[in-house]
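Residues per chain are reported as follows:
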Amino acid sequence: MWCVPEICSSAAVTAPKPAPAHPAASNEAGTLVVTGGSRGIGAAVVRLAAARGYRVIFTYQQARAHAEQLVADLRDRGADIVAVQADVSQEADIARLFTIVDEFGPLTGLVTSAGITGGYARVDSVPQETLRQVFDTNVLGTIFCAQQAVRRMSTANGGRGGA
């Protein structure tokens, strides 16, 4: 039981128990690709996956300093991690990313976290170019990544399956 003394009426306060070892926390965890992994939710996924023993390849588009810092932090903890600059809305960048994945090890998972908002404005004033950029990144980018991942992970294609 975790208890804050000011809140709990019990005199016995104990620290939280460490989480049980995750089944993936072995050399068998595999390789995980995370798009948009340099900041926010993507970076949290990268950190958790590395802690659970995955080899991690993550993308960033512009936040190079954040990506480099994340790689340095996790390598200091023994993680096997690579950051790849890529624009997920560009099929050529995704193809290059997955070429790197093929060199890194068998793909066992994909998390598509890359996304943009296009800024904040009334819907009637958002330029068509901005709408296309948001759609290309958030929707098509996810599909491009899923296509590449399925080609590697599907048991129909000789893969081990995955998520």
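Residues numbered from 1 in each chain as written. Predicted model: local features only at pLDDT ≥ 70, side-chain atom pairs only at ≥ 80, totals over all residues. Heavy atoms only, no water.

A.B. asks: Whenever I open this one, helix H1 (residues 40-51) confuses me. Can you help?
C.D. replies: Residues lying three or four places apart along an α-helix face the same way, a consequence of the helix completing one turn every 3.6 residues. Over its 12 residues, H1 runs 17 Å from end to end, which matches the ideal 16 Å to within 8%, given 1.5 Å per residue. Among the residues of H1, those classed as buried are Gly-42, Ala-43, Val-46, Ala-49 and Ala-50. Down the axis of H1, the buried set is contained in an arc of 130 degrees. They therefore lie on one face. Seen from the open side of H1, the exposed residues pointing more than 90 degrees away from its buried face are Gly-40, Ile-41 and Ala-51. Gly-53 lies just past H1 and shows a positive phi near 95 degrees. (Helix = DSSP H or I, 4+ residues; strand = E, 2+ residues; numbered from the N terminus. Expected span 1.5 Å × (residues − 1). Buried < 20%, exposed > 50% of the residue type's maximum accessible area, 1.4 Å probe, protein only. Arc of directions from axis to C-beta.)

A.B. asks: I keep staring at the environment of Ile-116 and nothing clicks. Help me out?
C.D. replies: Tracing the chain through its elements places Ile-116 in the loop between strand S4 (107-112) and helix H4 (128-153). When the C-alpha atoms of Ile-116 and Gln-133 are compared, they prove to be 8.5 Å apart, with 17 residues separating the residues in sequence. Leave out the neighbours within four places in its chain, and Ile-116 touches Gln-133, Val-134, Thr-137 and Asn-138. (Contact = heavy atoms within 4.5 Å.)

A.B. asks: Mind showing me how you'd approach the side chain of Thr-137 here?
C.D. replies: Within the fold, Thr-137 resides in helix H4. Taking relative accessible area as the criterion, Thr-137 reaches 6% and is therefore assigned buried. Contacts of Thr-137, omitting those with residues within four sequence positions, involve Val-88, Ser-89, Gly-115, Ile-116 and Thr-142.

A.B. asks: What is the right way to look at the nonpolar core in this model?
C.D. replies: One recurring pattern in soluble globular proteins: nonpolar side chains tend to sit buried together. If you look at the biggest cluster of nonpolar residues, it comprises 15 residues, and the most contacted ones within it are Val-34, Val-46, Val-56, Phe-58, Leu-70, Leu-74 and Ile-81. Elements with a contribution of two residues or more to this core: strand S1 (31-35), H1, strand S2 (55-60) and helix H2 (64-76). Leaving out residues up to four positions away in the same chain, Val-56 has contacts with Leu-32, Val-34, Val-46, Ala-49, Ala-50, Asp-80, Ile-81, Val-82 and Phe-104. By size, the runner-up hydrophobic cluster in this structure holds 14 residues, among which are Leu-97, Phe-98, Val-101 and Cys-145. (Core = buried A, V, L, I, M, F, W, Y, C linked by side-chain atoms within 4.5 Å.)

A.B. asks: Would you take a moment to explain the packing of helix H3 (residues 91-104) against H4 for this structure?
C.D. replies: Axes are the key here: two packed helices are described by the angle between their axes and the distance separating the axes. One way to put it is that H3 packs onto H4 with a least axis distance of 10 Å and a crossing angle of 30 degrees. Classified by the interaxial angle, the pair formed by H3 and H4 is roughly parallel. Where H3 crosses over H4, the handedness of that crossing is right-handed. Along the contact surface, H3 presents Glu-91, Ile-94, Ala-95, Phe-98, Thr-99 and Asp-102, while H4 presents Phe-144, Cys-145, Gln-148, Ala-149 and Arg-152. Considered class by class, the residues forming the contact of H3 with H4 number 6 nonpolar, 2 polar and 3 charged. (Axes fitted to C-alpha atoms, helices over the stretch in contact; angles between N-to-C directions. Parallel < 35°, antiparallel > 145°, perpendicular 65-115°, else oblique. Left-handed = near helix turned anticlockwise from the far one by under 90°. Nonpolar A, V, L, I, M, F, W, Y, C, P; charged D, E, K, R; others polar.)

A.B. asks: What am I meant to see in H3 here?
C.D. replies: Between its first and last C-alpha atoms H3 spans 20 Å; for 14 residues at 1.5 Å apiece the expected length is 20 Å, and the two agree. Turning to H3, its buried residues are Asp-93, Ile-94, Leu-97, Phe-98 and Val-101. The arc that holds the buried residues of H3, viewed along the axis, is 130 degrees, so those residues lie on one side. Seen from the open side of H3, the exposed residues pointing more than 90 degrees away from its buried face are Ala-92 and Glu-103. In this structure, the buried side of H3 is in contact with S1, S2, strand S3 (81-85), S4 and H4. Residue Gly-105 follows H3 closely and has a positive phi angle near 145 degrees.

A.B. asks: Explain the pattern of salt bridges here, please?
C.D. replies: Side chains that differ in charge, positive against negative, can pair when their charged atoms come close. Applying the stated criterion across every chain, the model contains 5 salt bridges. Ionic pairing is found between Asp-124 and Arg-122, a salt bridge with its closest N-O pair at 3.1 Å. For the residue pair Asp-124 and Arg-122, the accessibility class agrees, reading exposed in each case. (Salt bridge = Lys/Arg side-chain N within 4 Å of Asp/Glu carboxyl O.)

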